[in-house]
Amino acid sequence: MKLEQLKELIRDVSDFPKPGILFKDITPLLAHARGMHACTEALATIVHKANAEELVGIESRGFIFAAAIAAVEQMPLQLVRKPGKLPYAKVGVDYDLEYGTDRVELHSDAIVAGRRYAIIDDLLATGGTAAATAKLVESQGGVVACAAFVIELSELPGRARLENHNVHALISY
Ligand code: AMP
């Protein structure tokens, strides 16, 4: 399956979750076994080319893709979550949204200094979440080997926000 064909498995939903947002719905991709297989293989190739040793999945749709790679490639997976969701001792980074701020957290023992991590999420939009995740991994001494996404919204400044990082997306709009 060609990666461009993955676009047929992404559904556009207008005005979700707010008016003016064109939401990229990945549920048809999840329901398509061959599509998910192609997607997981392509992400795994990026991760290996970057010599990543572990995966960092971003809540919540990033978990799906990161867990698929982790299982198939037998790689450790660490979870980045929104505030208050992780049960154990945490470290976090705050970041700015259009209105207000948000925060990403990791368990304090998730990152080993000097180890190489691949950040995985479903979609790169403004890049705020992924940039905060990269900062968090680096604050713990981890090396961000790459940031890999299924979808990139290329009109938004996601790549610019992740400057100096190795950024990949399977499909771009
Ligand atoms: P950002 O921090 O702006 O790059 O946003 C990335 C996060 O928000 C990802 O975890 C996406 O799942 C979600 N997201 C942002 N914009 C969209 C969109 N248009 N469609 C689907 N998910 C989105």
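Whatever comes next refers back to the structure up there.
The shown structure was predicted, so the numbers you read here are calculated from the model rather than taken from an experiment. (Residues numbered from 1 in each chain as written. Predicted model: local features only at pLDDT ≥ 70, side-chain atom pairs only at ≥ 80, totals over all residues. Heavy atoms only, no water.)

Draft legend 1. Structural context of the site of the ligand. Neighbouring the ligand are 13 residues, the closest being Arg61, Asp121, Thr126, Gly127 and Thr129. Here a nitrogen atom of the ligand and a backbone polar atom of Lys24 are 2.9 Å apart. A distance of 2.5 Å is found between an oxygen atom of the ligand and a side-chain nitrogen or oxygen belonging to Thr126. The protein chains hide 81% of the 490 Å² of surface that the ligand would expose on its own. With respect to the pocket detection grid, the ligand is positioned in the largest pocket. Those elements that place two or more of their residues in the shell around the ligand are strand 2 (22-25), strand 7 (116-124) and helix 4 (128-139). Grouping the constituent residues of the shell around the ligand by class yields 5 nonpolar, 4 polar and 4 charged. (Near = heavy atom within 4 Å. Polar contact = N/O pair within 3.5 Å; in protein donor to acceptor, adjacent residues only side chain to side chain. Areas by Shrake-Rupley, 256 points an atom, 1.4 Å probe, with all protein chains shown as cover. 1 Å grid on protein atoms, 1.4 Å probe; cavity = no way out; pocket = protein on both sides within 12 Å on 5 of 7 lines; lining within 4 Å. Sits in = over half its atoms within 2 Å of the grid points. Helix = DSSP H or I, 4+ residues; strand = E, 2+ residues; numbered from the N terminus. Nonpolar A, V, L, I, M, F, W, Y, C, P; charged D, E, K, R; others polar.)

Draft legend 2. Structural detail: the pattern of salt bridges. Enumeration over the complete set of coordinates arrives at 11 salt bridges. The residue Glu152 makes a salt bridge to Arg159 at a minimum N-O spacing of 2.7 Å. Residue classification places Glu152 among the buried positions, given a relative accessible area of 9%. If you follow the salt bridges from partner to partner, you end up with Glu59, Arg81 and Lys85 in one network. (Salt bridge = Lys/Arg side-chain N within 4 Å of Asp/Glu carboxyl O. Buried < 20%, exposed > 50% of the residue type's maximum accessible area, 1.4 Å probe, protein only.)

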